[in-house]
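Take a look at the letters that make up each chain.
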Protein chains: 2
Amino acid sequence: MSILCVGSVALDSVETPFGKAERVPGGSAVFFTAAASLLNPVRIVGVIGDDYPTDALDFLTERGVDLTGIERSPGESFFWAGRYEYDLNVRETLETRLGVFAEFRPRIPESFRSSRIVFLGNIDPVLQHDVLDQVESPELVACDTMNYWIEGRRKELLSLLERVDVLIVNDSELRELANEPNLLRAARWVQERGPGLVVAKKGEHGAILFGREWRFFAPGYPLEELRDPTGAGDAFAGGFLGSLAGAGAAGPEELRRAVVYGSAMGSYAVEDFSVDRFRRLTSDEVERRVVEFREMTAFDVRIGTGEHA
Amino acid sequence: MSILCVGSVALDSVETPFGKAERVPGGSAVFFTAAASLLNPVRIVGVIGDDYPTDALDFLTERGVDLTGIERSPGESFFWAGRYEYDLNVRETLETRLGVFAEFRPRIPESFRSSRIVFLGNIDPVLQHDVLDQVESPELVACDTMNYWIEGRRKELLSLLERVDVLIVNDSELRELANEPNLLRAARWVQERGPGLVVAKKGEHGAILFGREWRFFAPGYPLEELRDPTGAGDAFAGGFLGSLAGAGAAGPEELRRAVVYGSAMGSYAVEDFSVDRFRRLTSDEVERRVVEFREMTAFDVRIGTGEHA
């Protein structure tokens, strides 16, 4: 089942207590695709400047990613520089230069328009609308957003929600969007505005998928060595939608498993800078980690032993 | 399998955005026992002053708790007053008066000394040692502690660990004890000093049990209505050990289930002030919530479909 991903294609300079990387591939579309392409073919739409290293995304082509939707414009690529504290939850943005991304208007190639699954990475909700205007009737539309758009493009974001099946955001973003500190109620608030499914990503604390009548929880994978958390949320989305696409269905069983694939991919993202972990990641490793998630969470319910008071 | 619990028996005055309660039963031993006694008989050792309301703990007697180890001393009961912010993770201590607790020297009644499971609530590690000196060879010793003892009684705490099978602490306490921000490594640090099992409680984010060769994760139960988080960690410990005692074994399967019972009890603790939720809680409700945990975390691993790239 084909996946279309639209988002940022960036160069990142990142510094963490465990090392640094200069002008390496980043951006929501890149992290998403690096993860999803291990599970299912992906078509990617984005923009790069003429400074983007030509071979930086070759590993995606080798995995069957269709990069024909990435246009190269004269100017500088989207650039982000940031530094993480020893507590990797704390990050400081040192610099953001939009470059060619400032004028980005997604043009969905004809051959991409029949994609069955659409992921709208974290970009201006106006552009997310634009993308949906250009695709034929997809079976599943998922989108991400952030506080910047929640605050500055609220109206557009709310009307976008009516066209979205799955909202995938951080727990803090979900709370801010709904203006409601309780996560359960915040999810319901969103569901009343369109998406039947809401995923709250909680970083090292895992992720919760809220259906209308049920919910599913996956823990964060306990990592001993972390290097760079950048892109983990997008890798989560890639694992989530890649798993659904591979399954060819989005019933509760497939959705639950998809959350685990998302969590697995998010954990791999953190193991190295940029998308470096995905360059050498194998499907077998992903499957093994999914099995580990099961071992980490499965238990037997023992009912009616009569031993209890 | 008999459980002995030694800890504080307090009166708490608590204020949260959802209400307040004045001089109500609290303390680690009370919350532990309120939860554990729904699963297994408990013997409790502690001290109260002559201001402690005589009927405050009657509901425990009705559940088969043996209160003969609670001595009444002349003076004031341990009193704690605190206030929680709208974010219930943020709490301010308004007042602590140790009262009779300042001179507390646990005396384990003869009939309690053969208890098979011992829970050392969060008290001075010197007293926790005292308790272990008075009991015969228990099968399982679990203990809690806090930053105050980690900082002020480090030597005694470390020697206590050599006598303990399960350390049950908050994740921040585990990190502080091991002086190691990574939870996996912090758990291993503790395991090298005695306890083969380490439980890191993460509040609303759930709990992780670290065995030497495996680990188990339970999420926090997503609550829509929270009233007072006081005592949730002790209720967790009560559910955990109550479940193990009821099972009469502490293999991996029983331990995994015990973490879920702990999480269930912790979630009930938060639903009302003091131990009020436990006064009306039934075994059936506990079992139902455990089943809900399973529904919230179970998924099927699908291996080798050959669909993946």
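Now for a look at the structure at hand.

Here is what the cut-offs are and how they apply
Residues numbered from 1 in each chain as written. Chains lettered and ligands numbered in written order. Predicted model: local features only at pLDDT ≥ 70, side-chain atom pairs only at ≥ 80, totals over all residues. Pairing = 2+ DSSP bridges. Helix = DSSP H or I, 4+ residues; strand = E, 2+ residues; numbered from the N terminus. Axes fitted to C-alpha atoms, helices over the stretch in contact; angles between N-to-C directions. Contact = placed C-beta atoms within 7 Å. Buried ≥ 20, exposed ≤ 12 C-beta atoms within 10 Å, placed from the backbone. Arc of directions from axis to C-beta.

**Remarks on the sheet that holds strand β7 (residues 91-97) of chain B**
Residues and elements named next belong to chain B.
No. 1: Pairing in this open sheet of 4 strands is mixed, and the strands run β3-β2-β6-β7 from one edge to the other. The strands lining the two open edges of the sheet, one partner per strand, are β3 (19-26) and β7. Across the sheet, the mean angle separating the axes of adjacent strands is 15° when strand polarity is ignored.
No. 2: Relative to β7, strand β6 (residues 78-84) runs antiparallel, the two sharing 6 bridges. Bridge pairing in β7 places G82 opposite T93.

**Some words on the environment of D300 of chain B**
No. 1: The topology assignment puts D300 of chain B in the segment after α11 (283-297).
No. 2: Put simply, D300 of chain B and E22 of chain B are 278 residues apart on the chain and 48 Å apart in space, counted from C-alpha to C-alpha.
No. 3: Beyond its immediate sequence surroundings of up to four residues, D300 of chain B is in contact with E253 and R257 of chain A.

**A few points about helix α7 (residues 183-191) of chain A**
All names here are of chain A.
No. 1: Of the residues making up α7, those classed as buried are L183, A186, A187 and V190. Taken down its axis, α7 places every buried residue within 100° of arc, on the same side.
No. 2: The inward-facing, buried residues of α7 abut α5 (154-161), β10 (166-170), α6 (171-178), β11 (197-201) and β12 (207-210).

**Looking at the pairing of strand β12 (residues 207-210) of chain B**
Residue and element names in this part refer to chain B.
No. 1: Going residue by residue along β12, you find A207 and L209 tucked away on one face and I208 and F210 tucked away on the opposite face as well.
No. 2: As paired elements, strand β11 (residues 197-201) and β12 share 4 bridges and run antiparallel to each other. Bridging across to β12, V199 finds its partner in L209.
No. 3: Counting the residues in the hairpin turn of β11 and β12 gives 5 residues, including G203, whose phi is positive at 60°.
No. 4: With 4 bridges joining them, β12 and strand β13 (residues 215-218) adopt antiparallel strand pairing. Paired with A207 across the bridge in β13 is A218.
No. 5: In textbook terms, the turn of a hairpin is the stretch between consecutive antiparallel strands, and for β12 and β13 this stretch comprises 4 residues.

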